[in-house]
Amino acid sequence: MWAEERVNFGWGSGGTTVTWSEAYQAAGQVAPNWVKRNGTKRVYSSSSRHDWRGGYTVGAAVPTPWGGVNVYSDSAFAFSRVLGTGAWQKWE
């Protein structure tokens, strides 16, 4: 399974302002593992910085004749920050 958090953004010619930002999530899985995208949202916005947080739920299942039985699941988060200088930071 895999998950991706992507933030696109633009910054002003003076190198101090974030002019726009947008984010999206992508994910893929191979059974019996699975990943659910819980959405991404901007959690902070100023003229010089935008912060984004995306959430995921990941898990694994055991296949049975009646369908998959979940044996594990956990939540995960990805944080991204874009700056008016054109720099960005990411942590999970």
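Further up the page is the structure itself.
A brief structural summary. Being a predicted model, the structure only gives us computed values, none of them experimental.

## Some details on the side chain of Ser-80
Position of Ser-80 among the secondary structure elements: in strand β5 (residues 67-83). Accessibility expressed as a relative area gives 8% for Ser-80, which makes it buried. Apart from residues no more than four positions distant in its own chain, Ser-80 is found in contact with Glu-5, Val-7, His-50, Asp-51, Trp-52, Gln-89 and Lys-90.

## Examining the packing of aromatic side chains
Taken as a whole and judged by the stated rule, the model has two aromatic pairs. When the centroid spacing of 6.2 Å and the interplanar angle of 15° are considered together, the rings of Phe-79 and Trp-91 count as stacked. With Phe-79 in strand β5 and Trp-91 in strand β6 (residues 88-91), the pair connects residues that are twelve residues apart, well separated along the chain. By relative accessible area, Phe-79 is classed as partly exposed at 28%.

## Looking at the pairing of strand β2 (residues 18-28)
Sheet topology places strand β1 (residues 2-11) next to β2; ten bridges connect them, and they run antiparallel. In the strand pairing of β2, Glu-5 is matched with Gln-25.

## Here we look at the environment of Gly-86
Relative to the assigned elements, Gly-86 resides in the loop between β5 and β6. Taking the C-alpha atoms as reference, Gly-86 lies 7.5 Å from Gly-10; in sequence the two are 76 residues apart. Setting aside residues no more than four positions away along its own chain, Gly-86 makes contact with Phe-9 and Trp-11.

Conventions used here
Residues numbered from 1 in each chain as written. Predicted model: local features only at pLDDT ≥ 70, side-chain atom pairs only at ≥ 80, totals over all residues. Heavy atoms only, no water. Helix = DSSP H or I, 4+ residues; strand = E, 2+ residues; numbered from the N terminus. Buried < 20%, exposed > 50% of the residue type's maximum accessible area, 1.4 Å probe, protein only. Contact = heavy atoms within 4.5 Å. Phe/Tyr/Trp six-rings, centres within 6.5 Å; stacked < 30°, edge-to-face > 60°. Pairing = 2+ DSSP bridges.

These figures capture arrangement, not role.
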